[in-house]
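Structure at a glance
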Amino acid sequence: VRSGVFEPQSGDNGAGGKQEVLGMQYANYVQPTVDINGETYKVQLEVVDNRTAAENGPSAAAELVNKGVSIVLGSYGSGVSMAGGTVFAEAGVPAIGVTCTNPQVTSDCDVYFRICFLDPFQGTVLANYAYKELGVDTAYLLGMLGSDYDQGLIYYFTQAFEALGGTVVAENFPEGNANFVSYINNAKAANAGVIFSPVSINYAQLIVEAAAAQGFEGTILGGDTLDSNMVVEAAKGKDVDVKITTFYQEGGNPEFDAGIKEWINANADAKTNNGGNDTIAAVTAMGYDAYYVALEALKAAGSTDKAAVKAALPDVTYTGVSGSIAFDEQGDAIRDTAYIKTADTANNAWTLETVQTVE
């Protein structure tokens, strides 16, 4: 049985996509077969690089459809997920979004489900945290032009932060930008207590480095995309405060943590794709859970037929390393909790700050 993996392996989101795929690959290593209606099938992952950008989504999705996949996992990145969703819908192939948090991924596509929380929730959590816990009343918002993820999350943060009484100053940078000094200085000029920049890993590293170099004294806030050891590495040894919302904190499931660390350390390619060490990204844990949700859907369908799998998905439930997973009427995961983590710049690791829900 073929399971499609629709993920960026290159482009701005390539680093995050590789970490998400690691979770699926490790799950496939742990559980390489599935029993469907009394027969045992080998699960074959068909990995296709959607190259981050929405314009590449349809062709990558079509490639998976042509491979005869029964179900698709991915993508890291909401824009490319929406673009690929059109093709999956036309072919009747069900897809499980892993960390694509924009509401339109499922609202505009009846074959797409997802196991992560959504941006209205995540943006509200971040706004509440900034205003109530950090005591910030002015936030500087920075996203990339044309990014559905960046702009969606900034929109929901703005709505919640202004409703609390806060003020926002927002700017956008063009794709490919490599110098963020002027943006950091604009945040300082606005007396912003936080820079909220829910961008890709590549840009986040540059923003963290620029904030440290310019002596920004507030907090850099990010969404789930910043949950990467590469972002921590950028903050290492610097006087900078980085906090993020995410889906999983290392230590949440010791058995999973120990197993995947051993696997990563025994596999040079896996270690490279994880940024050079064995720190567990939340997207990796989510990729792992998504794989098992797909297996549950295949078992419930009693068939490898894509239509049967799609029909079975709404009623699938699974308790994974990231928590309990069930779908609402829209196909979205019923999630009410986000982990807020801080970059420990001395020890080069993420530490759990708090677990937060929206009131």
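Procedures and definitions
- Along each chain, numbering runs from 1 in the same order as the chain's sequence is written.
- In view of the model being predicted, local features appear only for residues whose pLDDT reaches at least 70, and side-chain atom pairs are presented and counted only at 80 or more, with totals across whole chains, interfaces and linings using the full set of residues.
- Side-chain measures here rest on the full set of heavy atoms in the structure, leaving out hydrogens and waters.
- Residue burial is assigned from relative accessible area. The probe radius is 1.4 Å, only protein chains are included, and a residue is buried under 20% of its type maximum, exposed over 50%, and partly exposed in between.
- Helix numbering and strand numbering both begin at the N terminus, where a helix is a DSSP run of H or I of at least 4 residues and a strand a DSSP run of E of at least 2.
- Following DSSP output, two strands are said to pair if at least two bridges run between them.
- The handedness of a crossover follows from its direction of travel: if, with the strands pointing away from the viewer, the path from the first strand over the helix to the second runs clockwise, the crossover is right-handed.
- Here the axes come from fitting lines to C-alpha atoms, over the contacting stretch only for helices, and the angles between their N-to-C directions go from 0 to 180 degrees.
- Here, residues are in contact when the closest pair of their heavy atoms is within 4.5 Å.
- Any Lys or Arg side-chain nitrogen found within 4 Å of a carboxyl oxygen on Asp or Glu counts as a salt bridge.
- For the purposes of these results, a polar contact is taken to be a pair of N or O atoms within 3.5 Å, where, inside protein, one atom must be able to donate a hydrogen and its partner to accept one; residues adjacent in sequence count only when each atom of the pair is a side-chain atom.

Regarding the pairing of strand β11 (residues 219–222)
Where burial is concerned, the two faces of β11 agree: the one with T219 and L221 and the one with I220 and G222 are both buried. Where strand β10 (residues 194–196) and β11 come together, three bridges link them in parallel fashion. Counterpart to V194 in the pairing with β11 is T219. Chirality of the crossover, the property in question, places the unit of β10, helix α8 (residues 201–213) and β11 among those that are right-handed. Pairing of β11 with strand β12 (residues 241–246), which is carried by four bridges, proceeds in the parallel orientation. Residue pairing in the sheet places L221 in a bridge with K243 of β12. Remark: the β11/helix α9 (residues 229–235)/β12 crossover connection has right-handed handedness.

Details of the sheet that holds strand β4 (residues 44–49)
An order of β4-β1-β5-β6-β7 is seen for the five strands of this open sheet, with the pairing classed as parallel. The open sheet has two edge strands with one neighbour each: β4 and β7 (112–114). This sheet shows a mean twist of 30° between the axes of neighbouring strands, independent of strand direction. Two elements, strand β6 (residues 95–97) and β7, share three bridges in a ladder whose sense is parallel. When the bridges of β7 are listed, I96 appears paired with F113. Lying over the sheet, helix α2 (residues 57–66) contacts β1 (2–7), β4 and β5 (71–73), oriented at roughly 170° with respect to β1. Relative to β5, helix α12 (residues 282–301) is tilted by about 170°, and along the sheet it contacts β4, β5 and β6.

Here we look at the pattern of salt bridges
In total, this model carries eight salt bridges according to the counting rule given. Among the salt bridges present, the one from D227 reaches K341, with a minimum N-O distance of 3.1 Å. Of this pair, D227 sits in the loop between β11 and α9 while K341 is found in strand β15 (residues 338–344), placing the two residues 114 residues apart along the sequence. Given the relative accessible area of 2%, D227 is considered buried. The class for K341 is buried, based on a relative accessible area of 1%. One salt bridge connects E296 with K299, and the closest N-O pair in it is separated by 3.0 Å. Taken together, the residues span about one helical turn, with E296 and K299 both in helix α12 at a distance of three residues. Owing to a relative accessible area of 26%, E296 belongs among the partly exposed residues under this scheme.

Focus: the side chain of N229
With respect to the helices, strands and loops of the structure, N229 is situated in helix α9. Within polar-contact distance, the side chain of N229 engages the side chain of Q19 at 3.1 Å. Excluding its chain neighbours within four sequence positions, the residues that come into contact with N229 are Q19, N274, G275, N277, T279 and W350.

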